[in-house]
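Commentary on secondary and tertiary structure
So you can see what is in the structure, the chains are spelled out below.
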Amino acid sequence: MSTLLRRSLLSRLTISSFAFAQLLLLVSCGGSGSGPSGSAKLQSVSVTPANPSIAVGATQQFKATGNYSDGSSKDLTSSATWTSKTTGVATVNSSGLATAVAAGSSVIKASSGGLSGSTTLTVTPPAVSFKKGQTFSSGGTHPLSVVVTDFNGDGKLDIAVANENTDTLAVFLNDGTGHFGTPIVTNVQTSGAALGFIAAGDFNEDSKMDLAVSFIGGGNQVNVILFGNGDGTFQQQPAITNSAGFLAAQVADLNGDGHQDLAMAFNGTLGVSLGVGDGTFNGTTYLPGGSGGAFVGLAVADFNGDGKLDMEALDEGSGVGGTAALNFYPGNGDGTFGPATVTPIVFSSPTNIGSGDFNDDGKLDLLIGFPNVAELVLGNGDGTFDLNNAVVIGGDNTNAGLGVNVLAADVDGDGKPDAVMVMEATGTVQIALNSALQTNPLSGAISTVVTAPGAFGVAVGDLDGDGIKDVVVINLTTSQVTTILSK
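Residues numbered from 1 in each chain as written. Predicted model: local features only at pLDDT ≥ 70, side-chain atom pairs only at ≥ 80, totals over all residues. Heavy atoms only, no water.

1. Things to note about the overall build of the protein chain
A tally of regular secondary structure across the protein chain gives two helices and 38 strands. Its C-alpha atoms give the protein chain a radius of gyration of 31 Å, clearly above 23 Å, the size a compact globule of 487 residues would have. When burial is assessed residue by residue, the protein chain has 48% of its 487 residues classed as buried. Long-range contacts, defined here as pairs at least 24 residues apart, represent 47% of the contacts in the protein chain between residues at least 6 apart. Surface exposure of the protein chain reaches about 20600 Å², of which carbon and sulfur atoms provide 52%. Charged side chains in the protein chain number 17 positive and 41 negative. The centres of these two groups are separated by 31 Å. (Helix = DSSP H or I, 4+ residues; strand = E, 2+ residues; numbered from the N terminus. Rg over C-alpha atoms; globule rule 2.2 N^0.38 Å. Buried < 20%, exposed > 50% of the residue type's maximum accessible area, 1.4 Å probe, protein only. Contact = heavy atoms within 4.5 Å. Areas by Shrake-Rupley, 256 points an atom, 1.4 Å probe, with all protein chains shown as cover. Lys, Arg positive; Asp, Glu negative; His and termini not counted. Charge placed at Lys NZ, Arg CZ, Asp CG, Glu CD.)

Dropping the structure here:
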C-alpha cells in the first residue's frame, strides 16, 4: 500500500471517530430536546393520552413524560408512581397500564420528583346483548312470583319461584355459570288459601336469606315468613299479626332502625309491617285513604326528595269510578305515612311499576306496564308525575289486551336504570338500556328475546358472574322458568 493511500485511510478513520464522539456527546446531553442536561430541573409531568374512553374490561396504556427547564423531555412511565382516584372504576399498575372495572370515570395520576400530572379515564359499559339460556319446570304449576338472591351462601345468585296451584316454593341453585339444576321444593301450608307472591330479605338477621310469602284466595289470606336454612330449604313461621295476603311487596328499612320492614300492596289498601330483627313483625298497619282498588304495583323510594322513603302504588282500576290511578303516600321516616295523593291514569288496567331516575335530572321517574304497552313517565320531584307526556317505550303490538310486566334495574352496570319489559301475550322480552331510552323514537341498545306466550313475572341478577345482570322470566301458561343471559 502506498504512503499516500495509508494517509487517506487514517484521515477518514480520524474524522469518523470524531463524528462518533460528537454523536455520543449529543445523546448524553439530550440533543434535540430528547432528555435533560445534568443541571436541568423537572418542571412538570404530563400524562397521555388525554382523557381517553374505554369499555369495561378493556385496558389503556398511559405514558408519563417529564418536562425539564432546558426544554427537554424524558419518558418517566416506568419510574413514576401511578394512582387511580376511583379504583372501583379503574385500576392502574406500576407501569401505567389501567384496567377498566366498572362504568364511570377516574383520574389517573403519575407522580415523580414531587410533581404530578393527570388525565381522566372514562369507562363505558361493555357492549351488551342477550340470548336465551335455560328453560325448565317451575317446580309446580301456575307460578306467580320469582326472586333472585343467594339462598345457600356460596356467592352465586339462585332463583326462587312461588307456584300458586300446587302451593310449592321451588329454589334452583346456581352453579356459577348461570346453569340451574333440579329444584329444591318446599311445600307451603296455606290452610285453604293459595300461595301467592314472594319477597326476599334476611328478616331474622342470621345472614341466611328468608322469604316473605303471601297467601291469596280462599280463606286464610295472610302473610308468613319462611326462615331460610342456608341450603335452599325453609322453615315456615306463624302468620304476621293482622296481615292480609299482599299482591306486591317491597323490603326496606322504613323507620330507620336498621331492621328490614315490609311495604305491601293489597286489594283495597296499602300496609306496613315493621320488622323487629328476629324475623317477627309488629303486626300490620294499614294506610288510610287512596283510591281503594286492587293495588298491583308498588315502588318504595324517596319520590319527593326529603330524604324519607315514600310509597307509590298502582291501582289497576277497580277502585273509585273504575279508573286506574297512582297513589302517592309521603313517608314520615318513622314507618308511618301521610295522606295519599291520588292521580288518575289515562290508560286502564295497568300491571305493575318500577322506579328510577331515567333522565338523570335528580328526580325519580316511573316505568309502568299496561296491556300491550309499557310507558316511561317522568317525575316532577315532589311525588307527582308528568302523565300527560308519558312515552311508550315497549309493547307487543298484538292488541291482545294482556299485560306488559316491567322492571326497572341497572342491567349494564353504568349506574343508570334500564327497562326490562315482558309481554304476556307473545312471551317477548325487551331489554332497553338507558342510552336507548334517551331517544325518541327509541334506538340503540335494545335487545329482544322471544320466550313462550304466558310470560309473566320477571327478576334480574348477575347469574353467570360477568358483571352484567341477566333476566329470569316465569310463565303462567307453561309453568316454566326461562333465563336470559347477557353475552
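2. Remarks on the pairing of strand β38 (residues 480-486)
When you tally the buried positions in β38, you get six out of seven residues, the bulk of the element. Here strand β11 (residues 130-137) runs beside β38; their pairing, made up of six bridges, is antiparallel. Directly across from Phe-130, in β38, lies its bridge partner Ser-486. (Pairing = 2+ DSSP bridges.)

3. Overview of the sheet that holds strand β9 (residues 104-112)
A sheet is described by the order of its strands in space; here four strands give the open sequence β2-β10-β9-β6, paired in mixed fashion. Single-partner strands in this sheet number two, and they are β2 (53-55) and β6 (81-84). For this sheet the average axis-to-axis angle between neighbouring strands, irrespective of direction, equals 30°. Here four bridges tie β6 to β9, and the two strands are oriented antiparallel to one another. Across the sheet, Ser-84 pairs through a bridge with Ile-108, a residue of β9. (Axes fitted to C-alpha atoms, helices over the stretch in contact; angles between N-to-C directions.)

4. Some thoughts on the packing of aromatic side chains
Counting across every chain of the model gives six aromatic pairs. Put simply, the rings of Phe-136, Phe-172 and Phe-180 touch in pairs and so form one group of aromatic residues. (Phe/Tyr/Trp six-rings, centres within 6.5 Å; stacked < 30°, edge-to-face > 60°.)

5. Considering unusual backbone geometry
Peptide bonds are mostly trans, and most non-glycine residues show a negative phi. Cis geometry marks the peptide bond from Thr-48 to Pro-49, where omega comes out at 0°. With respect to the secondary-structure elements, Pro-49 resides in the loop between β1 (42-48) and β2. The phi torsion at His-142 lies on the positive side, around 55°, for a residue other than glycine. Residue position: His-142 is located in the loop between β11 and β12 (143-149). We classify His-142 as partly exposed; its relative accessible area is 25%.

6. Considerations on the environment of Gly-271
Considering the arrangement of structural elements, one finds Gly-271 in strand β22 (residues 270-273). Remark: the alpha-carbon pair of Gly-271 and Thr-336, spanning 65 residues in sequence, is separated by 9.8 Å. Ignoring sequence-local partners within four residues, the contact set of Gly-271 consists of Leu-262, Ala-263, Met-264, Phe-266, Thr-285 and Tyr-286.

7. Points about the sheet that holds β11
In spatial order, the strands read β11-β38-β37-β36; together these four strands make up an open sheet with antiparallel pairing. Every interior strand has two partners, whereas the edge strands, β11 and β36 (455-461), have only one. For this sheet the average axis-to-axis angle between neighbouring strands, irrespective of direction, equals 20°. In the sheet, strand β37 (residues 470-475) pairs with β38 via five bridges, with the strands oriented antiparallel. When the bridges of β38 are listed, Val-471 appears paired with Ile-484.

8. Some details on the nonpolar core
Counting residues in each nonpolar core, the largest one holds 19 residues, and the members touching the most others are Phe-62, Ala-64, Trp-82, Ile-108, Ala-110, Leu-121 and Val-123. Mapped by element, the contributors of at least two residues to this core are β1, β4 (63-68), β7 (90-92), β8 (97-100), β9 and β10 (115-124). Counting 18 residues, the second largest nonpolar core, distinct from the first, contains Ala-160, Val-188, Ala-193 and Met-209. (Core = buried A, V, L, I, M, F, W, Y, C linked by side-chain atoms within 4.5 Å.)

9. Concerning the side chain of Asp-315
With respect to the secondary-structure elements, Asp-315 resides in strand β25 (residues 310-315). Lacking a salt bridge, the buried Asp-315 has Lys-363 as its closest oppositely charged neighbour, with an N-O distance of 26 Å. Here Ser-291 takes part through its side chain, which lies 2.6 Å from a polar atom of the side chain of Asp-315. Ignoring any residue separated from it by four or fewer positions in sequence, one finds Asp-315 in contact with Ser-291, Gly-292, Gly-293, Ala-294, Phe-295, Thr-323, Ala-324, Ala-325, Asn-327 and Pro-350. (Salt bridge = Lys/Arg side-chain N within 4 Å of Asp/Glu carboxyl O. Polar contact = N/O pair within 3.5 Å; in protein donor to acceptor, adjacent residues only side chain to side chain.)

10. Here we look at the environment of Asp-167
Locating Asp-167 in the fold gives a position in the loop between β13 (158-163) and β14 (168-172). Of the residues examined, Asp-167 reaches a relative accessible area of 17% and is grouped as buried. On a C-alpha basis, the gap between Asp-167 and Lys-487 in space is 35 Å, while along the polypeptide they are 320 residues apart. Contact partners of Asp-167, with chain neighbours within four places excluded, come to Thr-186, Asn-187, Val-188, Thr-190, Ala-193, Ala-194 and Leu-195. One polar contact links the side chain of Asp-167 to the main-chain amide nitrogen of Leu-195, over a distance of 2.9 Å.

11. Let's talk about the environment of Ser-355
Secondary-structure assignment places Ser-355 in strand β28 (residues 353-356). Excluding anything up to four places from it in sequence, Ser-355 contacts Ala-299, Ala-301, Phe-303, Asp-365, Leu-366 and Ala-408.

12. Here's the deal with the pairing of β25
Here β25 lies mainly inside the structure; six of its six residues are buried. Here β25 shows a buried face lined by Asp-310, Glu-312 and Leu-314 and a second buried face lined by Met-311, Ala-313 and Asp-315. Sheet analysis places strand β24 (residues 295-301) next to β25, joined by six bridges and oriented antiparallel. What sits directly across from Ala-299, in β25, is Glu-312. Pairing between β25 and strand β26 (residues 325-329): five bridges, direction antiparallel.

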